[in-house]
Amino acid sequence: MTTKTYTVPNISCGHCVATIERELKDVDGVQSVKANEQSKAVMVDVTSDSVLPAVTSMLAEIGYPASNA
Ligand SMILES: [Cu+2]
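Here the structure is a predicted model, which is why all the values come from computation and not from measurement. (Residues numbered from 1 in each chain as written. Predicted model: local features only at pLDDT ≥ 70, side-chain atom pairs only at ≥ 80, totals over all residues. Heavy atoms only, no water.)

Visitor: Teacher, can you tell me more about the environment of Gln31 here?
Guide: Here Gln31 lies in strand E2 (residues 30-36). Among the residues examined, Gln31 registers a relative accessible area of 47% and is labelled partly exposed. With 16 residues separating them along the chain, Gln31 and Thr47 place their C-alpha atoms 6.9 Å apart. Not counting the four nearest positions on each side in its chain, Gln31 is found in contact with Met1, Asp45, Val46 and Thr47. (Helix = DSSP H or I, 4+ residues; strand = E, 2+ residues; numbered from the N terminus. Buried < 20%, exposed > 50% of the residue type's maximum accessible area, 1.4 Å probe, protein only. Contact = heavy atoms within 4.5 Å.)

Visitor: Before we go on, may I ask you to explain the packing of aromatic side chains in this structure?
Guide: Here a ring pair, both rings aromatic, is described through the centre-centre distance and the interplanar angle of the planes. One pass over the structure, following the stated rule, counts 0 aromatic pairs. A cation sits over an aromatic face here: Lys4 above Tyr6, 5.3 Å from the ring centre. (Phe/Tyr/Trp six-rings, centres within 6.5 Å; stacked < 30°, edge-to-face > 60°. Lys NZ or Arg CZ within 6 Å of the ring centre and 35° of its normal.)

Visitor: What am I meant to see in the pattern of salt bridges here?
Guide: Pairs can form between side chains of opposite charge once their charged atoms are near each other. Here the structure, examined in full by the defined rule, presents 2 salt bridges. Salt-bridge contacts for Lys34 lead to Glu21; the nearest nitrogen and oxygen are separated by 3.4 Å. With Lys34 in strand E2 and Glu21 in helix H1 (residues 14-25), the pair connects residues that are 13 residues apart, well separated along the chain. A salt bridge links Glu23 to Arg22, with the nearest nitrogen and oxygen atoms 3.6 Å apart. Given the relative accessible area of 23%, Glu23 is considered partly exposed. (Salt bridge = Lys/Arg side-chain N within 4 Å of Asp/Glu carboxyl O.)

Here it is, written out as structure tokens:
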């Protein structure tokens, strides 16, 4: 398992957090997601590094691109 922390500048409220957590959990290979409104961090546990590009793509697709992807 790999844990990756993304920085997502567009997170501005609890709805953003809920959207990100819901959408990323649907990505194959994502085991857990925790987003934080204050730190604008999104912590993702994935089964392997090969899942990370799909996570990055989904963040961009839903309007929350990561600044450190
Ligand atoms: Cu929001």
